[in-house]
Amino acid sequence: MSDRESKKEADEAPTLPRLYERDAAISAAEAAIDALGREFAAGGIELGSLLLYSGKAGLGKTSMLRRVRMLAGRQGLTVCSGRAGEQRGNEPFYLLRQLLLPELLRLEPEQRREVLGPWHDIAGPAIGLVVPTGERADPQSVRVGLDYVMTQLARLKAPLVMLVDDLQWADLESLGWLESFAQRCPELPVLLAVAWRSGELPEQAQAFRALVAANPHRHLEFKGLQPKATEKLVREVFPDTAEDSFCRQVWAVTDGNPFLVNALLAKLRESGIEPVHENVLLLHDLAAEAQGMDREYWLAKLGVNTFNFAQAAAMLNTQIAIPVATRIAGMTPAAAAPRRRRSPSCAASRCCTARPRVRWSSSTRCWPPRSTSRSGWACAPRCTARPRRSWSTPGAR
Ligand SMILES: Nc1ncnc2c1ncn2[C@@H]1O[C@H](COP(=O)(O)OP(=O)(O)OP(=O)(O)O)[C@@H](O)[C@H]1O
Ligand SMILES: [Mg+2]
């Protein structure tokens with residue numbers, strides 16, 4: 001990025017951190033948002049399009065979505081955004097509620113009734129607007145109801161920008177609906193931007209994978225920053241003192257991952273290490289620490305069941321009867337089996353005497369640990385059709 005461009009970006013987005021090497025992504029988002037606003041003002045309806053961002057942890061997907069939000073806000077477009085929760089994948093429609101509920105709650109009661117229409121009792125509970133009756137709704141009906149709600153919301157709030165972050169953690173109900181909505185999106189004045197971690201989408205996301213494959217021009221896979229941009233990040237923190245070889249080594253140990261670069265820079269500042277050549281050898285270990293690969297990180301990888309099992313085994317001291325430990329842990333024998341396999345000493349016998357190496361400390365007491373979500377290290381023809389201004393409302397009955 002040239003200095004002039006950087007300055008322009010900084011002027012335009014005073015509250016957002018500067019994003020290096022994302023010019024193409026930002027321009028594509030700008031073009032999509034401009035087109036949506038302009039073509040809607042000119043009477044268009046079927047204007048929907050996609051922005052798809054993937055990349056490993058820390059490469060800037062959330063930052064990019066924030067940028068899209070800012071660009072849309074500047075054009076006065078309505079923005080709905082939702083983020084899947086790493087620990088909320090078992091909650092049906094959790095992601096969808098994050099996405100739609102705030103905007104639905106902002107509506108007047110009369111408008112809300114209109115949006116829900118005849119699907120009040122079916123779609124309402126899914127998006128958290130109506131208290132569930134306890135009866136299990138037919139999933140297909142819920143989906144049709146949600147399509148109806150979405151169409152009505154888009155009609156009321158058009159043009160609409162929808163941002164979905166961390167799709168890899170989406171509950172399957174939201175994922176299924178989003179997959180079909182993404183296909184339908186061209187029929188509506190909606191720009192849908194979705195971000196997910198590369199290689200972490202669940203197996204069930206086949207339709208989404210197919211959608212990405214069918215829209216390569218809308219998909220950007222983020223990579224680590226180049227040495228030059230990494231150096232700029234270092235010099236933002238150490239403007240006068242950073243030596244070239246030090247900057248180069250920061251890039252080498254972080255692979256240009258901006259999250260990791262920032263975390264490493266924070267560690268350096270905290271520990272008072274000078275950014276000079278003679279300290280380059282310290283960077284490797286500091287980067288591992290900054291990455292959070294400490295004891296808590298490895299414990300978190302074990303999962304709650306494994307931890308509960310280990311805790312139960314620790315209570316039994318040296319006489320660990322597996323069925324007893326399983327009962328104490330409140331697990332079924334089937335659920336306990338994979339935990340036992342993780343312990344070589346438990347694999348061969350029903351009773352093992354090995355003492356699990358769990359040291360009780362303040363960090364193990366607070367379990368499960370708050371995930372830092374960083375464990376996974378390691379543009380297009382616009383829709384120019386301007387059809388009749390009519391609203392197709394699926395599921396109207
Ligand atoms: N292109 C970039 N230039 C400078 N800094 C960046 C860039 N991209 C991201 N960052 C910074 O790196 C950090 C991580 O970014 P972000 O949270 O957007 O990553 P992410 O891809 O969403 O990660 P995760 O998969 O863990 O959610 C943030 O502090 C952000 O400001
Ligand atoms: Mg993110």
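See the structure printed just above.
Only a predicted model underlies this, so the values are computations on that prediction, with no experimental measurement involved.

The omega torsion of the bond from Ala158 to Pro159 falls at -10°, within 30 degrees of zero and hence cis. Take Pro159: it is sitting in the loop between helix H7 (139-157) and strand E3 (160-165). The phi dihedral of Glu21 is positive, around 55°, even though this residue is not glycine. Note on placement: Glu21 falls in the loop between helix H1 (3-12) and helix H2 (23-41). With 19 C-beta atoms packed within 10 Å, Glu21 lands in the partly exposed category. The backbone of Asp166 sits at a positive phi, close to 55°, despite the residue not being glycine. Mapped onto the elements, Asp166 comes out in the loop between E3 and helix H8 (172-184).

A word on helix H15 (residues 304-315). Between its first and last C-alpha atoms H15 spans 17 Å; for twelve residues at 1.5 Å apiece the expected length is 16 Å, and the two agree. Among all positions of H15, only Asn308, Phe309, Ala310, Ala312 and Ala313 are buried. Note on H15: the residue one or two positions beyond its end, Asn317, has a positive phi of about 60°.

Let us look at the sheet that holds strand E1 (residues 49-55). Sheet architecture is open: five strands sit in the order E2-E3-E4-E1-E5, paired in parallel fashion. Either end of the sheet is taken by a strand with one partner, and the two such strands are strand E2 (78-83) and strand E5 (219-221). Neighbour to neighbour, the strand axes of the sheet diverge by 10° on average, direction disregarded. Two strands pair when backbone bridges link them, and E2 and E3 are joined in this way by six bridges, in the parallel orientation.

The next point concerns the site of ligand 1. The environment of ligand 1 is formed by 20 residues, the closest being Gly60, Thr62, Ser63, Pro258 and Phe259. Elements supplying a minimum of two residues to the shell around ligand 1: helix H3 (61-74) and helix H12 (258-271). The class makeup of the residues in the shell around ligand 1 is eight nonpolar, seven polar and five charged. Split by domain, the shell around ligand 1 shows at least three residues from each of two domains, domain 1 (3-221) and domain 2 (227-290).

Looking now at the packing of H2 against H3. One way to put it is that H2 packs onto H3 with a least axis distance of 10 Å and a crossing angle of 35°. Of the two elements, H2 crosses H3, and the hand of that crossing is right-handed. Between H2 and H3, the contacting residues are Ala25, Ile26, Ala29, Glu30 and Ile33 on the first element and Met64, Arg67, Val68, Leu71 and Ala72 on the second.

This paragraph deals with the pairing of E3. Burial of E3 is extensive: six of the six residues sit out of reach of the surface. Because side chains alternate across E3, one face comprises the buried residues Leu160, Met162 and Val164, and the other comprises Val161, Leu163 and Asp165, equally buried. Note: E3 against strand E4 (residues 190-197), five bridges, orientation parallel. The residue bridging Val161 from the neighbouring strand is Leu191, located in E4. Once the chain exits E3 it traverses H8 before rejoining the sheet at E4, and the crossover so formed is right-handed.

Moving on to helix H13 (residues 283-290). All of the buried residues along H13 are Leu283, Leu286, Ala287 and Ala290. In a view along the axis of H13, the buried residues occupy a sector of 105°, so they form one face of it. Exposed residues pointing more than 90 degrees away from the buried face of H13 are listed as His284 and Asp285. Contacts from the buried residues of H13 go to helix H11 (244-254) and H12. In the segment just after H13, Gly292 is the residue with positive phi, at about 80°.

Another point: the environment of Leu175. You can see Leu175 is positioned in helix H8. Given 23 C-beta atoms within a 10 Å radius, Leu175 is considered buried. Counting along the chain gives 32 residues from Leu175 to Ala207, while the straight-line C-alpha distance between them is 9.6 Å. In contact with Leu175, other than residues within four places in its own chain, are Ala170, Gln204 and Ala205.

A word on the environment of Arg269. Note that Arg269 resides in helix H12. Take Arg269: there are 12 C-beta atoms within 10 Å of it, and that puts it in the exposed class. Between the alpha carbons of Arg269 and Phe238 there is a distance of 9.1 Å; along the sequence they are 31 residues apart.

Each value, and the rule that gives it
Residues numbered from 1 in each chain as written. Chains lettered and ligands numbered in written order. Predicted model: local features only at pLDDT ≥ 70, side-chain atom pairs only at ≥ 80, totals over all residues. Helix = DSSP H or I, 4+ residues; strand = E, 2+ residues; numbered from the N terminus. Buried ≥ 20, exposed ≤ 12 C-beta atoms within 10 Å, placed from the backbone. Expected span 1.5 Å × (residues − 1). Pairing = 2+ DSSP bridges. Axes fitted to C-alpha atoms, helices over the stretch in contact; angles between N-to-C directions. Near = placed C-beta within 6 Å. Nonpolar A, V, L, I, M, F, W, Y, C, P; charged D, E, K, R; others polar. Domains from an automatic or database assignment. Left-handed = near helix turned anticlockwise from the far one by under 90°. Contact = placed C-beta atoms within 7 Å. Right-handed = clockwise from strand over helix to strand, strands pointing away. Arc of directions from axis to C-beta.

From the geometry alone we can't say anything about function, so treat these as descriptive.
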